[in-house]
Amino acid sequence: MLRYTVLTLFPRLIQPWTEEALLAKAIQRGLIQIDIRDIRDYAPGKHRQVDDYPYGGGAGMVLRPDVVLGAIEDQLPADEVILLTPAGEPFRQPLAEELAAKEHLVLVSGRYEGIDARVENFVTREVSIGDFVLMGGEVAALAVIEATARLVPGVLGDPESHRLDSFSWGLLDYPQYTRPPEFRGLKVPEVLTSGHHGKVAEWRRREALRRTLERRPELLKSAPLTEEDLRWLAELDEEAE
Ligand SMILES: C[S@@+](CC[C@H](N)C(=O)[O-])C[C@H]1O[C@@H](n2cnc3c(N)ncnc32)[C@H](O)[C@@H]1O
């Protein structure tokens, strides 16, 4: 069982996401648990003020360290306390795999200009879901949940389906097709309807290499490639010339 606690100022942004589709099923079946805590509940005083002006001036407001840390400490012990921030380490599949093997993840979503930097001393990681700036960390927290929950054994009907996903084997996924066999003049590659499993597997590997070479060539540097892959890549290079 993988338990997530999301700390947010907007619990109602997270809640509906947990009530549909595979996440809802995984929760129902006791494979994961998602708790949502309102950071505002940890703000002192009648006004429950969660933010304050930035030292040094400038636009916007900053989340107070005492309030955010109060929310974090209420969740300890946890295997990981993850601060969602555009300044964090990039969230990639290997990190999703590492996190999916834990038991309790605390996901801290910022808002406004972000969280007082001193809170960084009390988290185990800072994670970014990409080189862009969101309005808040909720979508980032949900991205981490989506990417990790599907790796928890039993969450996906067929465990094979994530073994061959994009990134899981270091390459982009091969193209997928379903019926009809011809659509708007575009035919499904013949090999896929041949019933020859060996040839299908070979075609898929080759197409995954082709896509990766064309779209994300930098991934090839760290992908585990066989001698045959390297031969195919050389052929694809020649084809392109
Ligand atoms: C408007 S952003 C603050 C951006 C901050 N001033 C900066 O430039 O780094 C508010 C919150 O959204 C979340 N956020 C925004 N972009 C993100 C990203 N790419 N990955 C993860 N979290 C992000 C963070 O939790 C952040 O505290």
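Procedures and definitions
Residues numbered from 1 in each chain as written. Predicted model: local features only at pLDDT ≥ 70, side-chain atom pairs only at ≥ 80, totals over all residues. Heavy atoms only, no water. Near = heavy atom within 4 Å. Polar contact = N/O pair within 3.5 Å; in protein donor to acceptor, adjacent residues only side chain to side chain. Areas by Shrake-Rupley, 256 points an atom, 1.4 Å probe, with all protein chains shown as cover. Helix = DSSP H or I, 4+ residues; strand = E, 2+ residues; numbered from the N terminus. Nonpolar A, V, L, I, M, F, W, Y, C, P; charged D, E, K, R; others polar. Buried < 20%, exposed > 50% of the residue type's maximum accessible area, 1.4 Å probe, protein only. Pairing = 2+ DSSP bridges. UniProt positions renumbered as here; feature names shortened; annotations may be inferred. Contact = heavy atoms within 4.5 Å. Expected span 1.5 Å × (residues − 1). Core = buried A, V, L, I, M, F, W, Y, C linked by side-chain atoms within 4.5 Å.

### As for the site of the ligand
Inference 1: Around the ligand, the surrounding shell holds 19 residues, and the nearest of these are Leu84, Gly110, Gly130, Phe132 and Leu134.
Inference 2: Here Leu134 contributes a backbone N or O atom positioned 2.9 Å from a nitrogen atom of the ligand.
Inference 3: Isolated, the ligand exposes 580 Å² of accessible area, and the fraction of that covered by the protein chains is 82%.
Inference 4: Mapped onto the shell around the ligand, the elements with two or more residues apiece are strand 5 (80-90) and strand 7 (125-128).
Inference 5: Among the elements that take part in the shell around the ligand, strand 5 stands out by supplying 3 residues, more than any other.
Inference 6: By residue class, the composition of the shell around the ligand is 10 nonpolar, 7 polar and 2 charged.

### Some details on the pairing of strand 1 (residues 2-8)
Inference 1: Of all 7 residues in strand 1, 6 are buried, a share of seventy percent or more.
Inference 2: The pairing of strand 1 with strand 2 (residues 32-38) spans 7 bridges and is parallel. Among the inter-strand pairings, Val6 is bridged to a residue of strand 2, identified as Ile36.

### Notes on the pairing of strand 5
Inference 1: Pairing between strand 5 and strand 6 (residues 104-108): 4 bridges, direction parallel. Across the sheet, the residue bridging to Leu83 is Val108, located in strand 6.
Inference 2: Pairing of strand 5 with strand 7, which is carried by 5 bridges, proceeds in the parallel orientation. From the neighbouring strand, Glu89 faces strand 7, where its bridge partner is Val127.

### Re the UniProt feature "domain: tRNA methyltransferase TRMD/TRM10-type" (unreviewed entry) in the protein
Inference 1: As annotated by UniProt and renumbered to match this structure, "domain: tRNA methyltransferase TRMD/TRM10-type" (unreviewed entry) occupies residues 2-221.
Inference 2: Helix makes up 29% of residues 2-221 and strand 19%, whereas the separation of the span's terminal C-alpha atoms amounts to 32 Å.

### Notes on the environment of Glu97
Inference 1: Mapping Glu97 onto the fold places it in helix 4 (residues 93-100).
Inference 2: Taking the relative accessible area as the measure of exposure, Glu97 reaches 40% and is therefore partly exposed.
Inference 3: Separated by 68 residues in the primary sequence, Glu97 and Arg29 have C-alpha atoms spaced 21 Å apart.
Inference 4: Not counting chain neighbours up to four residues away, the residues in contact with Glu97 comprise Leu151 and Ser168.

### A word on the UniProt feature "binding site: S-adenosyl-L-methionine" (unreviewed entry) in the protein
Inference 1: UniProt marks Gly110, Ile129, Gly130, Asp131, Phe132, Val133 and Leu134 with the feature "binding site: S-adenosyl-L-methionine" (unreviewed entry), using the numbering shown here.
Inference 2: With respect to the helices and strands, the residue Val133 is situated in the loop between strand 7 and helix 5 (138-149).
Inference 3: Along the chain, Leu134 falls in the loop between strand 7 and helix 5.
Inference 4: Taking relative accessible area as the criterion, Leu134 reaches 34% and is therefore assigned partly exposed.
Inference 5: Discounting chain neighbours no more than four positions away, the residues touching Leu134 are Ile129, Val139 and Ala140.

### Some words on helix 8 (residues 227-240)
Inference 1: In a regular helix each residue adds 1.5 Å, so 14 residues correspond to 20 Å; helix 8 covers 20 Å between its end C-alpha atoms and thus fits that length.
Inference 2: Those residues of helix 8 hidden inside the fold are in contact with helix 7 (197-215).

### Side note on the nonpolar core
Inference 1: Tyr4, Ile32, Ile34, Leu84, Phe91, Leu107 and Ile145 are the most contacted members of the largest nonpolar core, which has 30 residues in total.
Inference 2: Looking at this core, the elements with two or more residues in it are strand 1, helix 2 (21-28), strand 2, strand 5, helix 4, strand 6 and helix 5.
Inference 3: A total of 7 residues in this core trace back to one element, the largest contributor, which is helix 5.
Inference 4: With residues near it in sequence (within four places) discarded, Ile34 still touches Tyr4, Val6, Thr18, Leu23, Ile27 and Ile145.
Inference 5: Within the second largest apolar cluster, 18 residues are counted, among which are Ala43, Ala71, Ile72 and Val119.

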